[in-house]
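The residues making up each chain are set out below.
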Amino acid sequence: MERFAGRVAVVTGASSGIGAQIAEDLVRAGMVVVGVARRVDRLQAQAASLAGLRGRLEPLQADLSSTDELRRVFKWVDDNLGGISVLVNNAAILSTVPVPDQDPAQSEKLIATNVTAVLIGCSLGVDSMKKHGIKDGHIININSTAGHRVFGSSGGLNGSAVAYCASKHATVALTKGLRADLQALKASGFKIRVTSLSPGAVRTEMLPEEFASLITDDDMILTTKDVSRAALFVLSLPPAVEITELTIQPTGEFM
């Protein structure tokens, strides 16, 4: 991680859960981390708690379901901090409403946050790397085991996670496709790495309580620190090594 010290990272959904933990750990590794979320008060409190470490957290409020807001985020980073070396697309929302009962407005928000924001974020992130000559940048898309399976009404939830699963399957395809598109930049010396990081069940506020309450053994659910360690692991490998897909689950979890 030493080569990233002093450089810029953008972490979306950074006000809680996985995003907050990754943002903190990147600050501890010496990076200037732009934490993006709607709940700016949480970001500001976290920035204050991390003051005095090698890096720092820059809180930035935005609703990532809005394309205009997303563009504003990347423009602010470019105007104030320069090029992005690490982008962690983490922001997501979970729906447990079965597809036949989905409210169209909520479906649009889910797709806008979980898919469109990741797609546009990747595009703007790569643009920043190209503009500033950052040839060893890294994009991590926080995915899920739900991106590799479909959890319907019988999957342990009080409802259905099909819409969420569909959005995470899209993340799998997007991440693979982005890697293919980036091959065109190799002739110019750009070796931008892309990773899909797919955790199993993680104890966060997004995990439905009725599902979390069924897990009585703490060893059968991941912590946000587990996921953050995985993210920093893929970042810390030599630039010639690219982990394209990393799935982590609690030992013994089978779903």
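Look a little higher up for the structure.
The shown structure was predicted, so the numbers you read here are calculated from the model rather than taken from an experiment. (Residues numbered from 1 in each chain as written. Predicted model: local features only at pLDDT ≥ 70, side-chain atom pairs only at ≥ 80, totals over all residues. Heavy atoms only, no water.)

**Remarks on the side chain of Arg193**
Then comes step 1: On the secondary structure map, Arg193 appears in strand E6 (residues 193-199).
Then comes step 2: For the buried Arg193, which has no salt bridge, the nearest side chain bearing the opposite charge is Glu242, at an N-O separation of 6.7 Å.
Then comes step 3: Sequence-distant contacts of Arg193, that is, excluding residues within four places in its chain, are made with Arg3, Gly137, His138, Ile139, Val234, Leu235, Leu237, Pro238, Pro239, Val241 and Glu242. (Helix = DSSP H or I, 4+ residues; strand = E, 2+ residues; numbered from the N terminus. Buried < 20%, exposed > 50% of the residue type's maximum accessible area, 1.4 Å probe, protein only. Lys, Arg positive; Asp, Glu negative; His and termini not counted. Salt bridge = Lys/Arg side-chain N within 4 Å of Asp/Glu carboxyl O. Contact = heavy atoms within 4.5 Å.)

**Section: the environment of Ser16**
Then comes step 1: Note on placement: Ser16 falls in the loop between strand E1 (8-12) and helix H1 (17-28).
Then comes step 2: Overall, Ser16 belongs to the buried group, its relative accessible area being 17%.
Then comes step 3: Between the C-alpha atoms of Ser16 and Leu64, which are 48 residues apart in sequence, the distance is 15 Å.

**Description of the pattern of salt bridges**
A side chain of one charge can pair with a side chain of the opposite charge if their charged atoms are brought near each other.
Then comes step 1: Enumeration over the complete set of coordinates arrives at 13 salt bridges.
Then comes step 2: The salt bridge partner of Asp68 is Arg71, with a shortest N-O separation of 3.5 Å. Remark: Arg71 and Asp68 occur in helix H3 (residues 67-80); sequence separation between them is three residues, near one turn of the helix.
Then comes step 3: A single salt-bridge network, built from bridges that share partners, covers Arg3, Arg7 and Asp136.

**Re the packing of H3 against helix H4 (residues 104-131)**
Then comes step 1: Axis separation between H3 and H4 bottoms out at 10 Å; the angle between their running directions is 20°. When the axis of H3 is compared with that of H4, the two are roughly parallel. The handedness of the crossing between H3 and H4 comes out as right-handed. In this structure, H3 uses Thr67, Leu70, Arg71, Phe74 and Asp78 to contact H4, whose residues at the interface are Ala117, Ile120, Gly121, Leu124, Gly125 and Lys131.
Then comes step 2: For the contact of H3 with H4, a count of residues per class yields five nonpolar, three polar and three charged. (Axes fitted to C-alpha atoms, helices over the stretch in contact; angles between N-to-C directions. Parallel < 35°, antiparallel > 145°, perpendicular 65-115°, else oblique. Left-handed = near helix turned anticlockwise from the far one by under 90°. Nonpolar A, V, L, I, M, F, W, Y, C, P; charged D, E, K, R; others polar.)

**Observations concerning the pairing of E1**
Then comes step 1: Most of E1 sits inside the fold, with five of its five residues counted as buried.
Then comes step 2: Residues Val8, Val10 and Thr12 line one face of E1 and the alternating positions Ala9 and Val11 line the opposite face, and both faces are buried.
Then comes step 3: Examined bridge by bridge, E1 and strand E2 (residues 32-37) share five bridges and lie parallel to one another. Bridging across to E2, Thr12 finds its partner in Val36.
Then comes step 4: Taking the sense of rotation as the criterion, the β-α-β connection linking E1, H1 and E2 turns out right-handed.
Then comes step 5: By the bridge criterion, three bridges tie E1 to strand E4 (residues 86-89) in an arrangement that is parallel. Counted as the bridge partner of Ala9 is Val86 from E4. (Pairing = 2+ DSSP bridges. Right-handed = clockwise from strand over helix to strand, strands pointing away.)

Structural measurements only, silent on function.
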